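# Breakdown of the fold
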Amino acid sequence: MKKILIVEDTPDNLEMMRVLFTAEGYDVCSATDGAAAVSMAESYLPDLIVMDIQLPVFDGYEATRRIKRIVSLAQTPVLAVTSYAMADDYQRCQEAGCDAYMVKPAMPREILAKARELLN
Amino acid sequence: MIPSPYATAEPGNETETLLFELFPFIIVTDASLTVHRWGRLASVLAPELEPERSLLEVFELHGVRRDDTRIDPATWRSSRPIVLKHRQHTERVLRGQLQFHGDHTLYFLGWPVVTRADDLVSLGIKLKEIPPHNNLSDLLLVLRNSQLTLADADQLTQKARERSRELEALNERLRGEAELVRARQAAEAASDAKSRFLSHVSHELRTPMNAILGYSEMLVDGYYGAIPQTAASVLERMQVNGRHLLDLINKILDMSVIEAGQLTLSIARYDFRATCQKVVAATEGLATQKGLVFVTKIDPELGEVTGDELRVTQVMINLIGNAIKFTSTGSVTVIARRDSGNVLIEISDTGPGIAPQDQARIFKDFQQVRLPGGVTVGAGLGLSIASKIVALHGGTMGVESTIGEGSTFRVTLPISVPESEPTQ
C-alpha cells in the first residue's frame, strides 16, 4: 500500500484529503506544520508528500528544502498545493524542490490524478 | 508686503538662475541699494562690484551722478522702470579694455524685482540689445554703439514685464508640477495598497474555496455515500456557483497582479490555429446550450505566432464567453485570420449591443455592461484584464456596436512579440 504524507494546517482541507486518499486505498499520515512535516517524513518514509505552503513554524518551501536534503527522502515526490497563485510562487516551489504544483482550490479529482502520476 | 507681479528670486534658486540667464546685467541689491549678487555681464560692465558695496558708489565710479539716479526706496517699490543716465564726455577706460570714444550717453535701465518678500529688490541693467551668445568683443561693440532712447527704455520695460510674467508662469508651473508629483505619489501609494489588499484577499479566499468546492465534488463522487437525486442537483448548482466565485477571485488576483506591475508574459512560439480550435472547443457547448448558432472562420494559414498562449486563450475565452452570455437569440461568430504583421480576431454577436457612450468605458476596471432593463452582469473585470493582456502583447482591442443589432470585438496581436517585460 502506497503511503502519502499530507501536510496541511487547515483542518477542513486536511480532512478532505485524508478521506479522499484513504478511500482510494492509500495509507495516509499527516502533519500540520513545517517542522512536524520534516520529522514525520523522516520516520514515516512516504511515497508522496502533499505539501501546503503557508504553514506554522516554517513554511512549505523550507520543509521541502529540508526534506529533499534527507538522503532517504531525496527521491520522494513533493506535490505543492497552495493558495499562492502568482507566477513567482510557482518558481519558488520549483526552487525549493517541489516536483509538482497545484493552486487552491485544487479539486479532489485533479489532486488524485496528479498524485497517481507522481506515484508512478 | 507689496503684492508683486514679479517672480520670486532667491540666491541660487531656479528663478534667479533664469533671471541671470535672461538678464546677465542684473545686479541684485536690497532697498538701501547695497549690492548682494549680480549676473555675469554686470561684472564685465562694472568690475568694481563687490558684495555689501553701495550700488550708487559703483555707479559714481562710472560717472553716474547721484542726482541722475532718482533712486529712492519708494521708486524701487513702485516697480516702475528706473533710468540712469551715464554721460561719457571723455575717453574712458573700463577694465583696461572697454573703451568709449567721443561723446556718448548711455542709459542704464533698471527695473525693480521683488525678490524675497519685500526686503530684497533687483536692479536689472540692460544696454540696448545684446546679441545672443555675446562675448566680450561683441559686448564692446554694442556698448560703443549704444544710444539708448527713452522709447527703447519703454520697450525694454515692456520686455522686462513680459519676462517677469514668464517667470511667474514658470513658478506657477513648477509649483503645479510639485503638486502633481505629490498627488501622483499619493495615488500610486493608494493603488499599491489596493493591489496588495486584492492580492491578499484573493489568497485568503482560496483556502475556504478549496474546502467548499472540494467537499462538494467528493459528495458528487460518492466518497460520503450515495446521495439522493434531488440533493445531487443541488450539489451541481453549488459547484457551478462555486466555480463562478472562483473565476471572480482569479480575476481579482489577475487585476491586482496587473496593477502591481507584476504581470509578465511567458513568450513562446505557438500554433495560433491550434489555440483557436481549443478555444472554440471550450466555448462551443455554451453557445449551443443556449440555442445560439456558433459560426467559426479560422484561417488554416494562421500559422505560428509568438506570445503568451495561456493569456491569449484567456482573452479569447473572455470575449467569446461575453458574446454568448449577452446574446439570447441569433449567433456568435468567431473569425481569426492574418492581417499583414498581425493576427486579427473578430468576435461578433447578435446581442443587445453597447451604447456609444459605454463603448470606451467597458475596457476600464469595474465597469459593467448594462443590459437593456438596467441589469448588470459580472464584476466588470474581464474586459479590463483582456485589454491589458492585449496591450502587453503590443496589440489592440476595440469594439463596434449598434444597439439592438449586436457587437463586434476586434483584437489584433502582432505575429511576433518581443521579450516579455513587466507591466508598468
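Anyway, here's the lowdown on the structure attached to this text. (Residues numbered from 1 in each chain as written. Chains lettered and ligands numbered in written order. Predicted model: local features only at pLDDT ≥ 70, side-chain atom pairs only at ≥ 80, totals over all residues. Heavy atoms only, no water.)

Our next topic: the overall build of chain A. Across its full length, chain A carries 5 helices and 5 strands. Sequence-ordered secondary structure for chain A, helices as α and strands as β, is β-α-β-α-β-α-β-α-β-α. Burial statistics for chain A: of 120 residues in total, 55% are counted as buried. In chain A, 59% of the contacts between residues at least 6 apart in sequence involve partners at least 24 apart. With an accessible surface of roughly 5200 Å², chain A has 47% of that area assigned to carbon and sulfur atoms. (Helix = DSSP H or I, 4+ residues; strand = E, 2+ residues; numbered from the N terminus. Buried < 20%, exposed > 50% of the residue type's maximum accessible area, 1.4 Å probe, protein only. Contact = heavy atoms within 4.5 Å. Areas by Shrake-Rupley, 256 points an atom, 1.4 Å probe, with all protein chains shown as cover.)

Our next topic: the packing of helix H10 (residues 309–326) of chain B against helix H12 (residues 382–392) of chain B. Residues and elements named next belong to chain B. Their axes nearest at 9 Å, the elements H10 and H12 cross at an angle of 145 degrees. Crossing handedness for the pair H10 and H12: left-handed. Residues Arg311, Gln314, Val315, Asn318, Leu319 and Asn322 of H10 form the contact with H12, whose participating residues are Gly382, Leu383, Ile385, Ala386, Ile389 and Val390. (Axes fitted to C-alpha atoms, helices over the stretch in contact; angles between N-to-C directions. Left-handed = near helix turned anticlockwise from the far one by under 90°.)

Turning our eyes to something else, we now look at the packing of aromatic side chains. The geometry of an aromatic ring pair is captured by two quantities: the separation of the ring centres and the angle between the planes. What the rule picks out here adds up to 3 aromatic pairs over all chains. On the numbers, 5.9 Å between centres and 80 degrees between planes, the contact of Phe21(A) with Tyr26(A) is edge-to-face. Look at Phe21(A) and you get buried, because its relative accessible area is 0%. The class for Tyr26(A) is buried, based on a relative accessible area of 13%. Residues Tyr215(B) and Tyr224(B) carry aromatic rings whose centres are separated by 6.4 Å and whose planes lie at 55 degrees to one another, so their mutual orientation is tilted. The side chain of Lys3(A) reaches across the aromatic face of Tyr44(A), ending 5.1 Å from its centre. (Phe/Tyr/Trp six-rings, centres within 6.5 Å; stacked < 30°, edge-to-face > 60°. Lys NZ or Arg CZ within 6 Å of the ring centre and 35° of its normal.)

Ranked by internal contacts, the top residues of the largest apolar core, which has 42 residues, are Phe272(B), Phe294(B), Leu319(B), Met397(B), Phe409(B) and Leu413(B). Looking at this core, the element that brings in the most residues is H10(B), giving 7 residues. In this structure Phe272(B) touches Leu302(B), Gly303(B), Glu304(B), Val305(B), Val312(B), Met316(B), Val343(B), Ile345(B) and Leu413(B), once residues within four positions along its chain are discounted. The next biggest cluster of nonpolar side chains, apart from the first, holds 25 residues, and it includes Val50(A), Leu112(A), Ala115(A) and Ala211(B). (Core = buried A, V, L, I, M, F, W, Y, C linked by side-chain atoms within 4.5 Å.)

The next subject is the sheet that holds strand S2 (residues 27–31) of chain A. All names here are of chain A. The strand order across the open sheet formed by 5 strands is S2-S1-S3-S4-S5, and the pairing between neighbours is parallel. Strand pairing shows two members of the sheet lacking a second neighbour, S2 and strand S5 (100–103), which therefore form its edges. Strand-to-strand twist of the sheet, defined as the mean angle between neighbouring strand axes without regard to direction, takes the value 20 degrees. The pairing of strand S4 (residues 78–82) with S5 spans 4 bridges and is parallel. Counterpart to Thr82 in the pairing with S5 is Val103. Running over the sheet, helix H2 (residues 34–44) touches strand S1 (3–7), S2 and strand S3 (48–51) and is turned about 150 degrees from S2. (Pairing = 2+ DSSP bridges.)

Now for the side chain of Gln359(B). All names here are of chain B. By the secondary structure assignment, Gln359 is in helix H11 (residues 356–359). Overall, the relative accessible area of 16% leaves Gln359 in the buried class. Only 3.0 Å separates the side chain of Gln359 from the backbone oxygen of Ile354, close enough to count as a polar contact. Apart from the residues within four sequence positions on either side, Gln359 is in contact with Ile354, Val399 and Ser401. (Polar contact = N/O pair within 3.5 Å; in protein donor to acceptor, adjacent residues only side chain to side chain.)

Let us now look at the packing of H2(A) against helix H3 (residues 60–69) of chain A. Residue and element names in this part refer to chain A. Packing of H2 against H3 brings their axes to within 9 Å, and their N-to-C directions diverge by 20 degrees. Classified by the angle their axes make, H2 and H3 are roughly parallel. As for how H2 packs across H3, the hand of that crossing is right-handed. Counted together, Gly34, Ala37, Val38 and Ala41 of H2 and Ala63, Arg66 and Ile67 of H3 form the full contact between these two elements. (Parallel < 35°, antiparallel > 145°, perpendicular 65-115°, else oblique.)

All names here are of chain B. Strand order in this open sheet of 5 strands is S10-S12-S13-S17-S16, and the pairing throughout is mixed. Two strands close off the open sheet at either side, each with one partner strand: strand S10 (293–298) and strand S16 (396–402). Across the sheet, the mean angle from the axis of one strand to that of its neighbour is 10 degrees, orientation sign disregarded. Strand direction decides the pairing type here: strand S13 (residues 342–349) and strand S17 (residues 406–414), joined by 7 bridges, are antiparallel. By the bridge assignment, Leu344 is partnered in S17 with Thr412. Lying over the sheet, H12 contacts S16 and S17, oriented at roughly 135 degrees with respect to S16.

The next subject is the pattern of salt bridges. All names here are of chain A. Counted according to the given criterion, the structure contains 15 salt bridges over all chains. Across the pair Glu15 and Arg18 runs a salt bridge, and its minimum N-O distance is 3.7 Å. Here the residue Glu15 and the residue Arg18 both occupy positions in helix H1 (residues 11–23), the gap between them amounting to 3 residues, near one helical turn. Through salt bridges with shared partners, a single network forms among Glu8, Asp52 and Lys104. (Salt bridge = Lys/Arg side-chain N within 4 Å of Asp/Glu carboxyl O.)

Residues and elements named next belong to chain A. The full count for this structure, using the stated rule, is 0 disulfides over all chains. In this model Cys93 remains outside any disulfide bridge; the closest cysteine sulfur is found in Cys98, 4.5 Å from its own. Relative accessible area serves as the criterion here: at 1%, Cys93 is assigned to the buried category. (Disulfide = S-S within 2.5 Å.)

What follows deals with the interface of chain A and chain B. Residue-level contacts link 23 residues of chain A with 22 residues of chain B. Together chain A and chain B conceal approximately 1900 Å² of surface at their shared face, both sides included; 61% is due to carbon and sulfur atoms. For the pair chain A and chain B, the interface holds 2 salt bridges. When the shortest N-O distance is used, the salt bridge between Asp221(B) and Arg109(A) registers 2.8 Å. Counting every contact that joins chain A to chain B gives 10 residue pairs in polar contact (both at pLDDT 80 or more). (Buried area = accessible area lost by both parts, 1.4 Å probe.)

Okay, the pairing of S17(B) next. Among the 9 residues in S17(B), 8 count as buried, and that is most of the element. Counting the residues between successive antiparallel strands, the hairpin from S16(B) to S17(B) contains 3 residues, one of them, Gly404(B), with a positive phi of roughly 85 degrees.

Keep in mind that these numbers describe shape and distance, not what the molecule does.
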